Number of protein chains: 2
Amino acid sequence: MKDLDNIPALMADIGARAKDASAVLAIASADTKRAALDAAAEAVWSNRKAIIAANEKDLVFGRDKGLSDAMMDRLMLDEARIQGIVDGLRAVAAQDDPVGEVLAEWDMESGLHIRRVRTPLGVIGVIYESRPNVTADAGALCLKSGNAVILRGGSESFHSSGAIHACLVEGLEKAGLPADAIQLVPTRDRAAVQELLSMTDTVDVIVPRGGKGLVGLVQREARVPVFAHLEGIVHIYLDADADPEKALKVVMNAKTRRTGICGAAECLLIHRDVADTIGQGVVRALLDAGVEVRGDEALQSINGVHPATASDWGCEFLDMIIAARVVSSIDEALAHIRRYGSDHTDCIVTEDEVAANRFFAELDSAILMRNASTQFADGGEFGMGAEIGIATGKMHARGPVGAAQLTSFKYLVEGDGTVRR
Amino acid sequence: MKDLDNIPALMADIGARAKDASAVLAIASADTKRAALDAAAEAVWSNRKAIIAANEKDLVFGRDKGLSDAMMDRLMLDEARIQGIVDGLRAVAAQDDPVGEVLAEWDMESGLHIRRVRTPLGVIGVIYESRPNVTADAGALCLKSGNAVILRGGSESFHSSGAIHACLVEGLEKAGLPADAIQLVPTRDRAAVQELLSMTDTVDVIVPRGGKGLVGLVQREARVPVFAHLEGIVHIYLDADADPEKALKVVMNAKTRRTGICGAAECLLIHRDVADTIGQGVVRALLDAGVEVRGDEALQSINGVHPATASDWGCEFLDMIIAARVVSSIDEALAHIRRYGSDHTDCIVTEDEVAANRFFAELDSAILMRNASTQFADGGEFGMGAEIGIATGKMHARGPVGAAQLTSFKYLVEGDGTVRR
């Protein structure tokens, strides 16, 4: 029996088991991993009643705790959502296996043949909040990429995550893989998070999934590398050479399709040459759609525009609100984005190649777009399959983090008794 | 005038200048950067007398400080060594420019065209010891990869590094690039190192160049990512199916070509089936070449072999010493390397595909070799051009770190008014 009161010992044990399991996973075949994911999908579906019963307990706990309706909705599982989890597991199972892929291969005059080959990272820690489906999504992506994973779910989804986790373990065991390949921290004690963040000997990377509070905490406290973005302060710049129709389509989709995702637009910059034409049209359409537009002085003549305050620039609203400003040049737009952006996703609407090239070259966001909705900032929409999140760091994984981004590499060098002069 | 006593303010100013310069460098053309490096090479050669005079001051300081002969030799510059620096600068100038390279490019059914494009990391801090040539080597590689660099040389090479740095700045200015692109910390105060390690707002990565003391300090204290290896505890395993001639050539070269580099072999593992044949021959050849062989019991019957002690396993001798041990199977060899290795470079000598595949799959060193000398662990020998070092971390740069490894990437996404469903 594990002693759930001695958190450091508990987590050290989990870390050591994960490390042992990672050595097995690193050489597991693509077929074995696929079989484990398919078996897990089957187990989730056949245990849907038990999962819903476990979820009931979490909902009671959440109601007692006074969770908001939005949080209660995120927490809730029904058959349709469980079908979604099953579909997700099968989709990851069907993806290409990244491990062992030869990333580059070349010969040297010395006689060496060199290959750079994709390898798993090792052990990944995933810390998430109330959505219980992350248990399956994150567990599946880590397994696909040959990594052992330590899952630390939110206290609200404790029972739901436990029930889903049991199905993942069933899948692992059916495929002959170690159960420790996917572990769930079996306590709500928050000290477990602090431990996980400092386990440099056993954990290779931490992925936080959740709001700014969680991500900020992880980025501040972690002693191991973190794949994450703190905020998605997404800008759209309507250039002097913007096409009116594209501008309208892109801005409306980027702001209103879904407001709560990290790729949703939060700030609109409009070149003054088109402020009275395209700009007016776009702002009116936003207002008509029920978006609160917080504009600078130049835009306040438009009926319904609220005056923007300093705190609206660089704000991640995640809501039906957008900040909007007229700029006198592309330089002013670039300067605004450099100052207030978060290096996540930024977009230019223009027909001018020169302006597009400057926007692409002079900004260093993980994703830069032209004439396309920023809501495409997503691993699936990039053709990477499922994603565990979007990262804005410059090291390693950047942009959407799918299975391939959860890997490292090594060099395999072959000679024939080859020696160096 | 800079206040050299207020180290935090001094370093903050250097960091801010580097960040500003990095924005210019990121969009500098390949030709401009090449011109700066060629002009720097010219400046180093025409200022060779001034550099040698500055080096004279460092040699006096070093003699007074009682530096060892080896350290004095590392510090010393003459015309031949300055020619080496000039050649190095020209070689980096002639390398391909990594920035802007399209790493991948694809279309999505949604209509998006996606490119992943190489970008500079931003600002790189390089901390090194007595070799003054690192000033030019590291400065050149960072410039080539579009990064601003903050150089912090050893106190012993203070004047030499300063004289070389002045030539690099001359090159930058001739090419119209900001002088702040390559800065040298203008004080010997060690507090500057501590500052540099914690400048998370302005420094993107730290590269330590030097001995285990320096690298260990940097890895422990740095708050920014580090590209480094702590030790090169390089193993060679002579398999039961080793070719005798290849075994002899590879081991002799790997141990004796140069003993002080990180790719030098430090431990020899011999399969018991060939211990009395190939093993004996190799050990005798090592002894004949003047190598001190510290063997386990099975090898002590060979005349001249010293008994190994526990501390010899996992030891980086960097000298004419090798630890040697007989193992009963490849599994025992793998277990030994996992326990005592440093994930740098390890080698198997075998004609057996199965054994080679297991060695490649089951170890996770940055570089794994077969039938080739481990002294090939070098960016130049990998065809990457100059290297700033070898990294063993799993994040980002791994193995030899050349110009391409000093980069990150971003996604450039183009649509045509494309919106997400």
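All figures in this text were calculated on a predicted structure; none of them were measured in a lab.

Calculation criteria
All residue numbers here refer to positions counted from 1 along the written sequence of the relevant chain. For naming, the first written chain is A and the first written ligand is 1, with later ones following in the order written. Owing to the predicted nature of the model, reporting of local features is limited to residues with pLDDT of at least 70; listing and counting of side-chain atom pairs is limited to 80 or more, with chain, interface and lining totals taken over all residues. Side-chain metrics rest on all non-hydrogen atoms present in the structure, leaving aside hydrogens and water. Should DSSP find at least two bridges between two strands, the strands are taken to pair. Put simply, DSSP H or I for four residues or longer makes a helix, DSSP E for two residues or longer makes a strand, and each gets a number counted from the N terminus. The definition of a nonpolar core used throughout is a set of buried Ala, Val, Leu, Ile, Met, Phe, Trp, Tyr and Cys residues joined through side-chain atoms within 4.5 Å. Burial classification: accessible surface area is computed with a 1.4 Å probe over protein chains only, and a residue below 20% of its type maximum counts as buried, one above 50% as exposed, and the rest as partly exposed. Residues are treated as being in contact if the distance between any of their heavy atoms lies within 4.5 Å. Least-squares superposition of the copies uses the C-alpha atoms of those residues scoring a pLDDT of at least 70 in each of them. Axis definition: a line fitted to C-alpha atoms, over the contacting stretch in the case of helices. Angles run 0 to 180 degrees between N-to-C directions. Throughout, the term roughly parallel applies to angles under 35 degrees, roughly antiparallel to angles over 145, roughly perpendicular to angles from 65 to 115, and oblique to all others. Charged means Asp, Glu, Lys or Arg here, nonpolar means Ala, Val, Leu, Ile, Met, Phe, Trp, Tyr, Cys or Pro, and polar covers whatever is left, Gly included. A pair of Phe, Tyr and Trp rings is counted when the ring centres sit within 6.5 Å of each other, with Trp represented by its six-membered ring. The angle between the planes then sorts it: under 30 degrees is stacked, over 60 is edge-to-face, the rest tilted. Note on geometry: a ring has a charge over it if NZ (lysine) or CZ (arginine) is within 6 Å of the ring centre and within 35 degrees of the ring normal. Defined in terms of a 1.4 Å probe, buried area is the accessible area two parts forfeit on being brought together, summed over both. When a carboxyl oxygen of Asp or Glu is within 4 Å of a side-chain nitrogen of Lys or Arg, the pair counts as a salt bridge. UniProt positions are given in the numbering used here, feature names are shortened, and annotations may be inferred rather than shown by experiment. Note on convention: near helix rotated counterclockwise from far helix by under a right angle means a left-handed crossing. Clockwise means right-handed. Residue ranges for the domains trace back to a domain assignment, done automatically or taken from a database. The arc in question is traced by the directions running from the helix axis to the C-beta atoms. Nitrogen and oxygen atoms within 3.5 Å of one another constitute a polar contact, given that in protein one can donate a hydrogen and the other can accept it, and given that sequence-neighbouring residues count only through two side-chain atoms. Multiplying 1.5 Å by the helix residue count minus one yields the expected span of that helix.

**A few points about the sheet that holds strand β13 (residues 367-372) of chain A**
Then, in step 1: With mixed pairing, the ten strands of this open sheet are ordered in space as β10(A)-β9(A)-β11(A)-β8(A)-β7(A)-β12(A)-β13(A)-β16(B)-β2(B)-β1(B). The two strands at the open ends of the sheet, each matched to only one other strand, are β10 (306-307) of chain A together with β1 (102-107) of chain B.

**With respect to the nonpolar core**
Then, in step 1: If you look at the biggest cluster of nonpolar residues, it comprises 73 residues, and the most contacted ones within it are Leu-89, Val-126, Phe-227 and Ile-388 of chain A.
Then, in step 2: Excluding residues that lie within four positions of it along the chain, Ile-388 of chain A makes contacts with Val-126, Ala-138, Leu-141, Cys-142, Val-207, Arg-209, Val-401 and Leu-406 of chain A.
Then, in step 3: Listed in part, the 72 residues of the second largest apolar core include Ala-163, Leu-184, Val-218 and Ile-388 of chain B.

**Remarks on the relation of the copies chain A and chain B**
Then, in step 1: Superposing chain A onto chain B takes a rotation of 180 degrees combined with a translation of 0.0 Å along the rotation axis, leaving an RMSD of 0.0 Å. Overall, the copies show the geometry of a two-fold rotation axis. In terms of proximity to the rotation axis, the leading residue of chain A is His-396 of chain A, whose C-alpha is 2.1 Å off the axis.
Then, in step 2: Comparing contact sets, 100% of the residues at the interface of chain A also lie at the interface in chain B, consistent with an isologous, same-surface contact.

**A look at the packing of helix α5 (residues 79-94) of chain B against helix α6 (residues 133-144) of chain B**
For any two helices packed against each other, one specifies the crossing angle of their axes together with the interaxial distance.
All names here are of chain B.
Then, in step 1: One way to put it is that α5 packs onto α6 with a least axis distance of 10 Å and a crossing angle of 10 degrees. Between α5 and α6, the angle falls in the class roughly parallel. Listed contacts from α6 to Ile-85, Leu-89, Val-92, Ala-93 and Ala-94 of α5 are Asn-133, Ala-136, Ala-140, Leu-141 and Lys-144.
Then, in step 2: Broken down by class, the residue content of the contact of α5 with α6 amounts to eight nonpolar, one polar and one charged.

**With respect to the sheet that holds strand β3 (residues 123-128) of chain A**
All names here are of chain A.
Then, in step 1: Pairing within the open sheet is parallel, and its four strands lie in the order β5-β4-β3-β6. Sheet topology places β5 (182-184) and β6 (205-209) at the edges, where each strand pairs with a single neighbour. Taking each pair of neighbouring strands and ignoring which way they run, the sheet shows an average axis angle of 20 degrees.
Then, in step 2: When β3 meets β6, the two strands line up parallel, connected through five bridges. Following the sheet pairing, Ile-124 is matched in β6 by Val-205.
Then, in step 3: On top of the sheet, helix α7 (residues 158-174) reaches β3 and β5; it is set at about 160 degrees to β5, its chief contact.
Then, in step 4: Across the face of the sheet, helix α9 (residues 212-221) comes into contact with β3 and β6 while running at roughly 160 degrees to β6.

**Regarding the packing of aromatic side chains**
Then, in step 1: One pass over the structure, following the stated rule, counts six aromatic pairs over all chains.
Then, in step 2: Arranged with centres 6.5 Å apart and planes meeting at 80 degrees, the rings of Trp-106 of chain B and Tyr-411 of chain B form a pair that is edge-to-face. Highlighted residues: Trp-106 of chain B in strand β1 and Tyr-411 of chain B in strand β16 (residues 407-418), separated in sequence by 305 residues.
Then, in step 3: Judged by its relative accessible area of 21%, Trp-106 of chain B is partly exposed.
Then, in step 4: Note on Tyr-411 of chain B: relative accessible area 0%, which makes it buried.
Then, in step 5: Put simply, the rings of Trp-106, Phe-409 and Tyr-411 of chain A together with Phe-382 of chain B touch in pairs and so form one group of aromatic residues.
Then, in step 6: The ring of Phe-61 of chain A has Arg-188 of chain A lying over it, and the distance from NZ or CZ to the ring centre is 4.1 Å.
Then, in step 7: Over the face of the ring belonging to Trp-45 of chain B we find Arg-48 of chain B, whose NZ or CZ atom lies 4.1 Å from the ring centre.

**Let's talk about the interface of chain A and chain B**
Then, in step 1: Tallying the contact residues gives 64 residues for chain A and 64 residues for chain B.
Then, in step 2: Carbon and sulfur atoms make up 55% of the surface buried where chain A meets chain B, a total of about 5400 Å² over both sides.
Then, in step 3: Contact with chain B buries surface across chain A, with Met-395, Tyr-411 and Arg-420 of chain A losing the most and accounting together for 15% of the total.
Then, in step 4: Across the chain A-chain B interface, the total number found is eight salt bridges.
Then, in step 5: Taking the shortest distance from any N to any O, the salt bridge between Arg-370 of chain A and Glu-414 of chain B comes out at 3.3 Å.
Then, in step 6: Sorting elements by how many residues they give to the side of chain A that touches chain B places strand β16 (residues 407-418) of chain A first, with eleven residues.

**Observations regarding the UniProt feature "domain: Aldehyde dehydrogenase" (unreviewed entry) in chain A**
Then, in step 1: Per the UniProt entry, the sites bearing "domain: Aldehyde dehydrogenase" (unreviewed entry) are residues 79-286 of chain A in this numbering.
Then, in step 2: Across residues 79-286 of chain A one finds 42% helix and 22% strand; the C-alpha atoms that close the span lie 36 Å apart.

**A few points about the packing of helix α10 (residues 244-256) of chain A against helix α11 (residues 275-288) of chain A**
All names here are of chain A.
Then, in step 1: Where α10 contacts α11, the axes come no closer than 10 Å and their chain directions differ by 30 degrees. Overall, the two elements α10 and α11 adopt an arrangement that is roughly parallel. Crossing of α10 over α11 shows right-handed handedness. Facing α10, whose interface residues are Pro-244, Ala-247, Leu-248, Val-251, Met-252 and Lys-255, α11 presents Ile-278, Gly-281, Val-282, Ala-285 and Leu-286.

**Here's the deal with the environment of Leu-25 of chain B**
Then, in step 1: On the secondary structure map, Leu-25 of chain B appears in helix α1 (residues 7-26).
Then, in step 2: The sequence separation of Leu-25 of chain B and Ala-175 of chain B amounts to 150 residues, and the corresponding C-alpha distance is 12 Å.

**With respect to the domain arrangement of chain A**
Then, in step 1: As assigned here, chain A comprises domain 1 (7-227 + 398-413) and domain 2 (234-381).
Then, in step 2: Taken over C-alpha atoms, the centre of domain 1 of chain A sits 35 Å from the centre of domain 2 of chain A.

**Some remarks on helix α13 (residues 353-362) of chain A**
Then, in step 1: What α13 of chain A keeps buried is the set Ala-355, Ala-356, Phe-359 and Phe-360 of chain A. Down the axis of α13 of chain A, the buried set is contained in an arc of 130 degrees. They therefore lie on one face.
Then, in step 2: Buried positions along α13 of chain A lie against β7 (234-238), α12 (330-340), β12 (345-349) and β13 of chain A together with β2 (113-120) and β16 of chain B.
Then, in step 3: Where α13 of chain A begins, one side-chain oxygen reaches toward the backbone nitrogen of Val-354 of chain A, 3.1 Å away; that side chain belongs to Asp-352 of chain A.

**A word on the pattern of salt bridges**
Then, in step 1: Enumeration according to the criterion identifies 54 salt bridges over all chains in this entry.
Then, in step 2: Arg-17 of chain B is the partner of Asp-180 of chain B in a salt bridge, and the nearest nitrogen-oxygen pair spans 3.3 Å. Here the residue Asp-180 of chain B occupies a position in the loop between α7 (158-174) and β5 (182-184), and Arg-17 of chain B occupies one in helix α1, the gap between them amounting to 163 residues.
Then, in step 3: What emerges from the salt-bridge pattern is a single network uniting Arg-115 and Glu-414 of chain A together with Glu-353 and Arg-370 of chain B.

**Some thoughts on α6 of chain B**
Residues and elements named next belong to chain B.
Then, in step 1: Over its twelve residues, α6 runs 17 Å from end to end, which matches the ideal 16 Å to within 8%, given 1.5 Å per residue.
Then, in step 2: The element α6 is extensively covered by neighbouring structure, given that ten of its twelve residues are classed as buried.
Then, in step 3: Restricting attention to buried positions, one finds in α6 the residues Val-134, Thr-135, Ala-136, Ala-138, Gly-139, Ala-140, Leu-141, Cys-142, Leu-143 and Lys-144.

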